[in-house]
Amino acid sequence: MLEDGGHWFAIEASWDDLVRHDDLESFLKTCKRTPIREPSSEAFLAPIGSQEVWAAGVTYIRSRDARMEESKSAGGGDFYDRVYLADRPELFFKATAHRVVGPGGKVAIRSDAKWSVPEPELALLISPAGKIIGYTVGNDMSSRDIEGENPLYLPQAKVYDRSCALGPGVLVASQPLPRSTEISLQIARQGEPVFEGKTSLNSLKRDPETLVEYLYRDNSFPSGCFLLTGTGIVPPDSFGLRYGDEIRITIDNIGTLVNVVG
Ligand code: DO4
Ligand code: MG
């Protein structure tokens, strides 16, 4: 489904075929479109086909500070400062499509985690040739106690079933997003707000093109990929997600991704 200027269309192309277009914006303007009614919110699936999801870490000072604190007793605090300052970014594998939930879906907390948080992140959609062709909202669910116990546990803290959410749609754009773009997170428990936070791309230390350049260096993505660009919003240490919590992440001009922990 495509939305353009408030009008909705069906197009005859698979998701993976669309992602192969380096100039997706022009393609969508000229391809055959069939007008449709505005879809209901239940019609939105996670906007992913055969893409892998990768993630960048410690790209905001807030993430560096929180992680230095949580891993202090494990002797890992220094690593986060070093990667924040280094030329080479932290990049890690996050998810395949079957681990990703879409809008309205249930994200999970690990059964062996005691302290879990959402990480609201701008997600880049990148073509197989390494061009950023769109943007969506991402949630890099994280088990902070497991990562804090030992940085080598990162893959377990980050990669598990329903550990990632993407959506609601992809903003197709060939131009970078303005630095003033805001990202906000709201968490509600039994209908009551329990955490709210805000950041903007102004606080993102690395530029998205450089993250993509590192990710694609000697690494190929035949179906393209998503790259989460790191979190700048970290709830206080006293906060951990519980079953039933509603997570609402909004990025200017892209939309709001709503998920429940379940
Ligand atoms: O270094 C661990 C993960 C960092 C991360 O996911 C983030 O900063 O968003
Ligand atoms: Mg993250």
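This text goes with the structure placed above it.
Residues numbered from 1 in each chain as written. Chains lettered and ligands numbered in written order. Predicted model: local features only at pLDDT ≥ 70, side-chain atom pairs only at ≥ 80, totals over all residues. Heavy atoms only, no water.

K.L.:
How should I be thinking about the packing of aromatic side chains in this particular structure?
P.N.:
Going through the model one piece at a time under the given rule, you end up with 5 aromatic pairs. Geometrically, the ring pair formed by Trp8 and Phe44 is edge-to-face, given 6.0 Å between the ring centres and 85 degrees between the ring planes. With Trp8 in strand S2 (residues 7-11) and Phe44 in the loop between strand S3 (33-36) and strand S4 (52-57), this residue pair connects regions lying 36 residues apart in the sequence. Note on Trp54 and Phe93: the rings are 5.7 Å apart at their centroids and 85 degrees apart in plane angle, and the pair reads as edge-to-face. Of the two residues, Trp54 is situated in strand S4 and Phe93 in strand S5 (residues 90-95); the sequence distance between them amounts to 39 residues. (Phe/Tyr/Trp six-rings, centres within 6.5 Å; stacked < 30°, edge-to-face > 60°. Helix = DSSP H or I, 4+ residues; strand = E, 2+ residues; numbered from the N terminus.)

K.L.:
Help me out: how do you make sense of the site of ligand 1 in this one?
P.N.:
Val58, Ser63, Glu90, Lys158 and Thr231 are the nearest of the 16 residues found near ligand 1. Glu119 places a side-chain nitrogen or oxygen 3.0 Å from an oxygen atom of ligand 1. At a separation of 2.7 Å, an oxygen atom of ligand 1 approaches a polar side-chain atom of Lys158. Notes on ligand 1: free accessible area 280 Å², of which the protein chains cover 99%. Broken down by secondary-structure element, the contributors of at least two residues to the shell around ligand 1 are S4, helix H3 (61-70), S5 and helix H6 (154-158). Tallied by class, residues from the shell around ligand 1 come to 5 nonpolar, 4 polar and 7 charged. (Near = heavy atom within 4 Å. Polar contact = N/O pair within 3.5 Å; in protein donor to acceptor, adjacent residues only side chain to side chain. Areas by Shrake-Rupley, 256 points an atom, 1.4 Å probe, with all protein chains shown as cover. Nonpolar A, V, L, I, M, F, W, Y, C, P; charged D, E, K, R; others polar.)

K.L.:
What is the right way to read the pattern of salt bridges from this model?
P.N.:
Across all of its chains, the model carries 20 salt bridges by this definition. Close ionic contact of Arg33 with Asp4 constitutes a salt bridge, the shortest N to O distance being 2.7 Å. With Arg33 in strand S3 and Asp4 in strand S1 (residues 2-4), this residue pair connects regions lying 29 residues apart in the sequence. Given a relative accessible area of 27%, Asp4 falls into the partly exposed group. We note a salt bridge from Asp112 to Arg110, for which the minimum N-O separation is 2.6 Å. Several salt bridges converge on common partners, so that one network encompasses Arg67, Lys94, Glu119, Asp140, Glu147 and Lys158. (Salt bridge = Lys/Arg side-chain N within 4 Å of Asp/Glu carboxyl O. Buried < 20%, exposed > 50% of the residue type's maximum accessible area, 1.4 Å probe, protein only.)

K.L.:
Any chance you could explain the state of the cysteines here in plain terms?
P.N.:
Here a disulfide denotes a covalent bond joining the sulfur atom of one cysteine to the sulfur atom of another. The full count for this structure, using the stated rule, is 0 disulfides. No disulfide involves Cys225; its sulfur sits 12 Å from that of Cys164, the nearest cysteine. (Disulfide = S-S within 2.5 Å.)

K.L.:
I would appreciate a short explanation of the sheet that holds strand S16 (residues 246-251) in the present structure.
P.N.:
Two orientations exist for strands paired in a sheet by backbone hydrogen bonds: parallel and antiparallel. If you walk across this open sheet you meet the 5 strands as S7-S17-S16-S13-S14, and the pairing is mixed. In this open sheet, the two strands that pair with only one neighbour each are strand S7 (106-107) and strand S14 (192-200). Summarising the sheet, S16 and strand S17 (residues 255-261) pair through 6 bridges and their orientation is antiparallel. Paired with Arg248 across the bridge in S17 is Val258. (Pairing = 2+ DSSP bridges.)

K.L.:
Even after reading the chapter, I still don't get the environment of Pro176, so can you show me in this structure?
P.N.:
With respect to the helices, strands and loops of the structure, Pro176 is situated in the loop between strand S12 (164-172) and strand S13 (182-189). On the basis of relative accessibility, which here comes to 51%, the residue Pro176 falls in the exposed class. Setting aside residues up to four positions removed in sequence, Pro176 forms contacts with Tyr135 and Glu209. (Contact = heavy atoms within 4.5 Å.)

K.L.:
Even after reading the chapter, I still don't get the nonpolar core, so can you show me in this structure?
P.N.:
Burial of nonpolar side chains together is a common tendency in soluble globular proteins. If you look at the biggest cluster of nonpolar residues, it comprises 40 residues, and the most contacted ones within it are Leu122, Leu124, Tyr135, Ile183, Leu227, Leu241 and Ile247. Contributions of two or more residues to this core are made by S4, strand S9 (120-126), strand S10 (132-140), S13, helix H7 (208-216), strand S15 (225-228), S16 and S17. Broken down by element, this core gets its largest block of residues, 4 residues, from H7. For Leu227, the residues in contact, after removing those within four places along its chain, are Trp54, Ala55, Ala56, Leu91, Leu122, Ala123, Leu124, Ile126, Leu211, Val212 and Leu215. Grouped together as the second largest cluster of nonpolar side chains are 22 residues, Phe9, Leu18, Leu24 and Leu154 included. (Core = buried A, V, L, I, M, F, W, Y, C linked by side-chain atoms within 4.5 Å.)

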